[in-house]
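# Per-entry structural report
Each chain, written out:
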Amino acid sequence: DVKVTQSSRYLVKRTGEKVFLECVQDMDHENMFWYRQDPGLGLRLIYFSYDVKMKEKGDIPEGYSVSREKKERFSLILESASTNQTSMYLCASRRQPNTGELFFGEGSRLTVL
Amino acid sequence: EDQVTQSPEALRLQEGESSSLNCSYTVSGLRGLFWYRQDPGKGPEFLFTLYSAGEEKEKERLKATLTKKESFLHITAPKPEDSATYLCAPYSGGYNKLIFGAGTRLAVHP
């Protein structure tokens, strides 16, 4: 079975702190994604990576950056956390662009005080 | 602007009481639509992909259908273990262009 592991299930940070959310997948998938999920808004794409060191902005990239130095690992970085970034963050991967099925991690719930 | 709306927001059913969830969308250049299931505290889990109007897919008590403007997820004789949030996601212009709906929270009571 494909496994997508997010390093932290729950985090509490203070405004202005730098936050790292890490995601690892074990099935050699090329594409990886970061979404945030908020009540009533659905999942919104923050960043997408189609290969190592390659990234593409999603719909809401402001305030976020990403890093993909190895194929299996995709990190989301909040340079200076703000309260409006309190959310559930979901990482996903897929084998290649021609398949639509995304495999999601269990999510990281971030609270910024 | 591409939009997707799921209704109802929440649905409570008795075990065995069949119903349907709706996903209506306005997406230019639609290439298909995904359905996902999300359990509390978990990430979404893939259920179906539908590629064209008229297509149907089935899995156990679930059947998904697609028209040009909406998709339905029919649940036949549901069981408590079907309780979850169901998300639809039409896509266009590439698989990274999924547009997720806010979901329908389904609760099935014994």
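Note: the structure precedes this text.
To start, this report covers the structure provided alongside it. Remember, predicted model here, so these are calculated numbers, not experimental data. (Residues numbered from 1 in each chain as written. Chains lettered and ligands numbered in written order. Predicted model: local features only at pLDDT ≥ 70, side-chain atom pairs only at ≥ 80, totals over all residues. Heavy atoms only, no water.)

## Quick word on the overall build of chain B
Put simply, the rule reads: Strands are runs of DSSP state E lasting at least two residues, helices are runs of H or I lasting at least four, and both sets are numbered from the N terminus onward. Two things to know: the radius of gyration comes from C-alpha atoms, and the globule rule equals 2.2 Å times the number of residues to the power 0.38. Exposure categories follow from relative accessible area, calculated using a 1.4 Å probe and restricted to protein chains: below 20% of the type maximum is buried, above 50% is exposed, and the middle band is partly exposed. Pairs of residues are marked as contacts when any of their non-hydrogen atoms sit within 4.5 Å. Throughout, the Shrake-Rupley method with a 1.4 Å probe supplies accessible areas, and for residues the shown protein chains are the sole cover considered. By the counting scheme adopted, Arg and Lys are positive, Glu and Asp are negative, and His together with the chain ends is not counted. Positions of charges follow a simple convention, taking NZ of Lys, CZ of Arg, CG of Asp or CD of Glu.
Secondary structure summary: chain B contains 0 helices and 10 strands in total. Written out in order from the N terminus, the α and β elements of chain B read β-β-β-β-β-β-β-β-β-β. Expected size for 110 residues packed as a compact globule is a radius of gyration near 13 Å; at 13 Å, chain B falls within 12% of this value. Projected onto the principal axes, the alpha-carbon positions of chain B cover approximately 40 × 30 × 20 Å. Counting only residues that meet the buried cut, chain B has 49% of its 110 residues in that class. Of all intrachain contacts in chain B linking residues separated by at least 6 positions in sequence, the fraction that spans at least 24 positions is 56%. Accessible area of chain B: about 5,300 Å², with a carbon and sulfur share of 46%. Here chain B carries 13 positive and 14 negative side-chain charges, and the mean point of each set is 3 Å from the other.

## A word on the state of the cysteines
Worth spelling out the cut-off: When two cysteine sulfur atoms are found within 2.5 Å, that pair is recorded as a disulfide.
Counted by the stated rule, this structure contains 2 disulfides over all chains. At a sulfur-sulfur separation of 1.9 Å, the disulfide partner of Cys 23 of chain A is Cys 91 of chain A. Torsion about the S-S bond of the Cys 23 of chain A and Cys 91 of chain A cystine: about -75 degrees, corresponding to left-handed handedness. Here the residue Cys 23 of chain A occupies a position in strand E3 (residues 19-25), and Cys 91 of chain A occupies one in strand E9 (residues 87-94), the gap between them amounting to 68 residues. Like Cys 23 of chain A, the residue Cys 91 of chain A is buried in the burial classification. Residue pairing for Cys 23 of chain B: its cysteine sulfur links by disulfide to Cys 88 of chain B, the two sulfurs lying 2.0 Å apart. One quick way to see it: the torsion about the S-S bond of Cys 23 of chain B and Cys 88 of chain B is about 75 degrees, and its sign makes the bridge right-handed. Of this pair, Cys 23 of chain B sits in strand E3 (residues 19-26) while Cys 88 of chain B sits in strand E9 (residues 84-92), placing them 65 residues apart in sequence. Judged by its relative accessible area of 0%, Cys 88 of chain B is buried.

## Digging into the pattern of salt bridges
Let me state the cut-off plainly: Counted as salt bridges are all cases of a side-chain nitrogen of Lys or Arg within 4 Å of a carboxyl oxygen of Asp or Glu.
Under the defined criterion, the tally for this structure stands at 11 salt bridges over all chains. Across the salt bridge formed by Arg 37 of chain B and Asp 39 of chain B, the nearest N and O atoms sit 2.9 Å from each other. For Asp 39 of chain B, a relative accessible area of 26% translates into the label partly exposed. A single salt-bridge network, built from bridges that share partners, covers Arg 36, Asp 38 and Arg 44 of chain A.

## Quick look at the interface of chain A and chain B
Threshold: Put simply, buried area is the surface a 1.4 Å probe can reach on two separate parts but cannot reach once they are joined, added for both. Here a polar contact is recorded for every N or O atom pair within 3.5 Å, except that within protein the pair must consist of a potential hydrogen donor and a potential acceptor, and residues adjacent in sequence are included only if both atoms are side-chain atoms. Under the scheme applied here, ten amino acids are nonpolar (Ala, Val, Leu, Ile, Met, Phe, Trp, Tyr, Cys and Pro), four are charged (Asp, Glu, Lys and Arg), and all others, including Gly, are polar.
Taken together, the contact pairs 22 residues of chain A with 15 residues of chain B. The junction of chain A with chain B conceals about 1,500 Å² of combined surface from both sides, 55% of it contributed by carbon and sulfur atoms. At the boundary of chain A with chain B, the tally comes to 0 salt bridges. On inspection of chain A and its partner chain B, the count reaches 4 residue pairs in polar contact (both at pLDDT 80 or more). Of all the secondary structure elements, the ones that give two or more residues to the side of chain A that touches chain B are strand E4 (31-38), strand E5 (42-51) and E9 of chain A. With 4 residues, E5 of chain A is the largest single contributor of residues to the side of chain A that touches chain B. Classifying every residue of the side of chain A that touches chain B by side-chain character gives 10 nonpolar, 7 polar and 5 charged.

## Overview of the sheet that holds E3 of chain B
All names here are of chain B. As a reminder of what qualifies: Should DSSP find at least two bridges between two strands, the strands are regarded as paired. Working convention: axes come from line fits to C-alpha atoms, limited for helices to the stretch in contact. Angles between N-to-C directions cover 0 to 180 degrees.
Taken in spatial order, the 5 strands make up an open sheet running E1-E3-E8-E7-E6, and their pairing is antiparallel. A strand with exactly one partner marks an edge of an open sheet, and here the two such strands are strand E1 (3-7) and strand E6 (56-59). Between one strand and the next, the sheet's axes are offset by a mean angle of 15 degrees, whatever the strand orientation. Across 4 bridges, the pairing between E6 and strand E7 (residues 62-66) is antiparallel. In the sheet register, Glu 56 faces E7, and the bridge partner there is Thr 65.

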